[in-house]
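Chain by chain, the residues run as shown.
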Amino acid sequence: MTANIIHLRDNADSALKQACDVLADGFPVAIPTETVYGLAADATNPLAVTRIYEAKGRPRFNPLICHMADLAMAEEYASFDAVSRRLAERFWPGPLTLILPLKPETAIHPLATAGLDTVGIRVPEGFASSLIRAFGRPLAAPSANTSGKVSPTSAQHVAEDLGDRLKLIIDGDAAPVGVESTIVRVEGETIRLLRPGGVSAEEIEAATGLPIVRAEGPAAIIEAPGMLASHYAPAAAVRLDVEALEPGEVLIRFGARPVTGEEKAAAVFNLSPSGDLAEAASNLFDYLKKADASGAQRIAVMRIPEHGLGEAINDRLARAAAPR
Ligand code: TXA
Ligand code: MG
């Protein structure tokens, strides 16, 4: 099997129709979202969901995020407390996933939720939203990459990784946010951050007036089991908070401050020369892949500030650098 790649620029209507056909046949389709490319399949069809896991080579069943067209559709499947509803109204469509109690007897298949009584829901922007509306059912979609690899932010990334295992890839150019959605769970008067992502913790606190509690340690791993330490692993080793370059390294820069010895780098990528964290997030996975492809033994990364989207960037970098 070699994936057919359709560019939205060439024919958005045909892309929508062909994607609907593949979904209706029970197969996954790689689609652009504002965060990263997703591998989407009918969340109500157990065979279709199983095919997502097969294509990704996921070692076991993790709960997948179910993507909805809008809040009204989400409310057919999950129960919203007042704070979750406020977050949905403020940030959807957009890079926020809410963990919510699943309504009883919904059509979402337990394989998509790994049998949990909760479901992760997100309303994406753009083509993904049109597709869900046209298809009429929620789409389960993890990132469209082999399990444990860096998430794809372009159709080309998907094609290189999964092209021989998919029927269809929809090309919608570079994913504008570039890191996955923020995952939160509202628990009474607190909001638990299960994964930092495209909406910053500060924005969520400002929208609700409630404090964010960071999930750490084993509890976080059980609650968001996809978040294993060595996720997002490039082939090369990764060294963080670099101030001086060592021989054989490729450099990922941030901002204008120089790095000692950078003239010796095998290659240099700057996530954002002006120090803009949103720009840095959008370039992160592409530059990790390019740095990896340079053939250097190690990827050296400058320190990134921890505020705003920096929290999500540093989370992904820490996973990329984790021992494996
Ligand atoms: O931006 C994104 O969120 C992308 C795009 C495609 O939408 N999707 C994505 O999905 O990153 P995935 O499968 O790579 O990550 C889903 C994460 C996993 O860590 C999983 O454990 C967690 O969400 N998750 C899903 N349902 C959950 C639930 N009911 N309770 C706790 N964690 C859940
Ligand atoms: Mg993923």
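Computed from a prediction, not measured in an experiment: that's the story for all the values here.

**With respect to the pattern of salt bridges**
And step 1. For the coordinates displayed, the defined rule picks out 18 salt bridges.
And step 2. Notably, a salt bridge pairs Glu187 with Arg185, separated by 3.9 Å at the nearest N-O pair.
And step 3. The exposure class of Arg185 is partly exposed, given its relative accessible area of 26%.
And step 4. Through salt bridges with shared partners, a single network forms among Glu180, Asp315, Arg316 and Arg319.

**Focus on helix α7 (residues 155-162)**
And step 1. Those residues of α7 not exposed but buried are Ala155, His157, Val158 and Leu162. On an axial view of α7, the arc spanned by its buried residues comes to 155°, and they lie on one face. For α7, the exposed residues lying more than 90 degrees away from the buried face are Gln156 and Glu160.
And step 2. As for α7, its buried residues are in contact with β2 (29-31), β3 (38-42), α2 (46-56), β8 (168-171) and α10 (277-293).

**Thoughts on the packing of aromatic side chains**
And step 1. Throughout the structure, instances matching the rule amount to 2 aromatic pairs.
And step 2. On the basis of an interplanar angle of 85° and a centroid distance of 6.1 Å, the ring pair of Phe80 and Trp92 is categorised as edge-to-face. Of the two residues, Phe80 is situated in the loop between α3 (71-77) and α4 (82-91) and Trp92 in the loop between α4 and β5 (96-101); the sequence distance between them amounts to 12 residues. Neither residue differs from the other here; Phe80 and Trp92 are each classed as buried.
And step 3. Both rings, one in Phe269 and one in Tyr287, keep their centres 5.6 Å apart while their planes meet at 35°; by these two values the pair is tilted. Of the two residues, Phe269 is situated in strand β14 (residues 268-270) and Tyr287 in helix α10; the sequence distance between them amounts to 18 residues. Each member of the pair Phe269 and Tyr287 is classed as buried.
And step 4. Over the ring of Phe27 we find Arg51, and its NZ or CZ is 3.9 Å from the ring centre.

**With respect to the side chain of Thr97**
And step 1. Along the chain, Thr97 falls in strand β5.
And step 2. Among the polar contacts listed, one links the side chain of Thr97 to the side chain of Ser181, at a separation of 2.7 Å.
And step 3. Ignoring any residue separated from it by four or fewer positions in sequence, one finds Thr97 in contact with Ile65, Gly120, Ile121, Arg122, Ser181, Thr182, Ile183 and Val184.

**Some points on the packing of α10 against helix α11 (residues 310-321)**
Helix packing geometry: the angle between the two helix axes and the distance between the axes.
And step 1. Interhelical geometry of α10 versus α11 gives an angle of 20° and a closest axis separation of 9 Å. In terms of their interaxial angle, α10 and α11 are classed as roughly parallel. Handedness of the crossing formed by α10 with α11: left-handed. Of the residues in α11, those touching α10 at Leu277, Ala280, Ala281, Leu284, Phe285 and Leu288 are Gly310, Ile313, Arg316 and Leu317.
And step 2. Counted by class, the contact of α10 with α11 contains 8 nonpolar, 1 polar and 1 charged residues.

**Here's the deal with α10**
And step 1. Taking 1.5 Å per residue as the helical rise, α10 with its 17 residues ought to reach 24 Å, and the 24 Å between its terminal C-alpha atoms agrees with that figure.
And step 2. The largest bend along α10 measures about 45° and falls at Leu284.
And step 3. Here α10 has its buried residues at Leu277, Ala280, Ala281, Asn283, Leu284, Phe285, Asp286, Tyr287, Leu288 and Ala291.
And step 4. At its buried positions, α10 is contacted by α7, β13 (249-253), β14, β15 (298-301) and α11.
And step 5. Looking one or two residues past α10, Gly295 carries a phi angle of roughly 90°, positive in sign.

**Quick look at the packing of α4 against helix α8 (residues 201-208)**
And step 1. For the pair α4 and α8, interaxial distance at closest approach is 10 Å and the crossing angle is 115°. In this structure, α4 crosses over α8, and the sense of that crossing is right-handed. Of the residues in α8, those in contact with Val83, Arg86, Leu87, Arg90 and Phe91 of α4 are Glu203, Ile204, Ala207 and Thr208.
And step 2. Within the contact of α4 with α8, the residues separate by chemical class into 5 nonpolar, 1 polar and 3 charged.

**Some details on the domain arrangement of the protein**
When the parts come together, some accessible area is lost, and that loss is often what is quoted as the size of the interface.
And step 1. Taken domain by domain, the protein consists of domain 1 (4-214) and domain 2 (237-321).
And step 2. Between the C-alpha centres of domain 1 and domain 2 there is a distance of 27 Å.
And step 3. With 23 residues of domain 1 in contact, the opposing surface of domain 2 contributes 14 residues.
And step 4. When the area that domain 1 buries against domain 2 is broken down by residue, the three leading residues are Val150, Val179 and Pro196, summing to 37%.
And step 5. Residues Arg214 and Glu311 are paired through a salt bridge, measuring 2.8 Å at the closest nitrogen-oxygen approach.
And step 6. Taken together, the elements giving at least two residues each to the side of domain 1 that touches domain 2 come down to β10 (190-195) and α8.
And step 7. Counted by class, the side of domain 1 that touches domain 2 contains 11 nonpolar, 8 polar and 4 charged residues.

What counts and what doesn't
Residues numbered from 1 in each chain as written. Chains lettered and ligands numbered in written order. Predicted model: local features only at pLDDT ≥ 70, side-chain atom pairs only at ≥ 80, totals over all residues. Heavy atoms only, no water. Salt bridge = Lys/Arg side-chain N within 4 Å of Asp/Glu carboxyl O. Buried < 20%, exposed > 50% of the residue type's maximum accessible area, 1.4 Å probe, protein only. Helix = DSSP H or I, 4+ residues; strand = E, 2+ residues; numbered from the N terminus. Arc of directions from axis to C-beta. Contact = heavy atoms within 4.5 Å. Phe/Tyr/Trp six-rings, centres within 6.5 Å; stacked < 30°, edge-to-face > 60°. Lys NZ or Arg CZ within 6 Å of the ring centre and 35° of its normal. Polar contact = N/O pair within 3.5 Å; in protein donor to acceptor, adjacent residues only side chain to side chain. Axes fitted to C-alpha atoms, helices over the stretch in contact; angles between N-to-C directions. Parallel < 35°, antiparallel > 145°, perpendicular 65-115°, else oblique. Left-handed = near helix turned anticlockwise from the far one by under 90°. Nonpolar A, V, L, I, M, F, W, Y, C, P; charged D, E, K, R; others polar. Expected span 1.5 Å × (residues − 1). Bend = angle between axes of the 7 residues up to and from the residue. Domains from an automatic or database assignment. Buried area = accessible area lost by both parts, 1.4 Å probe.

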